[in-house]
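Letter by letter, the chains look like this.
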Amino acid sequence: MVARIFRPSRTAMQSGKAKTRLWMLEFEPAAPKEVEPLMGYTSSKDTRSQVRLTFETKEQAIEYAERNDILYRVEEAHAPKRARVAYADNFKYDRRQPWTH
């Protein structure tokens, strides 16, 4: 079973950087999820998919995986591209789109 080591990105409902600085070790699913026919619940027989470990650094997560003989792959974090925008740009003379109101 393979685990992946990554830094989670922020959710769509999140404006800050909470919970994005830690590295996570998460197992990839070994079996597909199934829909239970009576109630329609989604279930899985794979209990490792419920395990999610957090670490301060990538090196700590790799060390843990190697110490416990866990196959792993590292997904590097992508730095977000921030556009520098000023409020005064809304009133520039040479805007791309004309001011509408």
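To keep things clear, this report deals only with the structure shown in the data block. (Residues numbered from 1 in each chain as written. Predicted model: local features only at pLDDT ≥ 70, side-chain atom pairs only at ≥ 80, totals over all residues. Heavy atoms only, no water.)

Pairing in this open sheet of four strands is mixed, and the strands run S5-S2-S1-S6 from one edge to the other. What marks the edges here is a single partner per strand, and that holds for strand S5 (52-55) and strand S6 (71-74). This sheet shows a mean twist of 25 degrees between the axes of neighbouring strands, independent of strand direction. Where strand S2 (residues 23-27) and S5 come together, four bridges link them in antiparallel fashion. Bridging from a neighbouring strand, Glu26 pairs with Arg52 of S5. Against the sheet, helix H1 (residues 58-67) touches strand S1 (2-6), S2, S5 and S6, its axis set at about 160 degrees to S6. (Pairing = 2+ DSSP bridges. Helix = DSSP H or I, 4+ residues; strand = E, 2+ residues; numbered from the N terminus. Axes fitted to C-alpha atoms, helices over the stretch in contact; angles between N-to-C directions. Contact = heavy atoms within 4.5 Å.)

Going through the model one piece at a time under the given rule, you end up with two aromatic pairs. With 5.5 Å between their ring centres and 45 degrees between their planes, Phe55 and Tyr64 make a pair best called tilted. Judged by relative accessible area, Tyr64 falls into the partly exposed class, the value being 25%. Here the aromatic rings of Tyr87 and Phe91 are separated by 5.4 Å at their centres, their planes lie at 75 degrees, and the arrangement is edge-to-face. In this arrangement the basic side chain of Arg4 is found over the ring face of Phe6, its NZ or CZ atom lying 4.0 Å from the centre. (Phe/Tyr/Trp six-rings, centres within 6.5 Å; stacked < 30°, edge-to-face > 60°. Buried < 20%, exposed > 50% of the residue type's maximum accessible area, 1.4 Å probe, protein only. Lys NZ or Arg CZ within 6 Å of the ring centre and 35° of its normal.)

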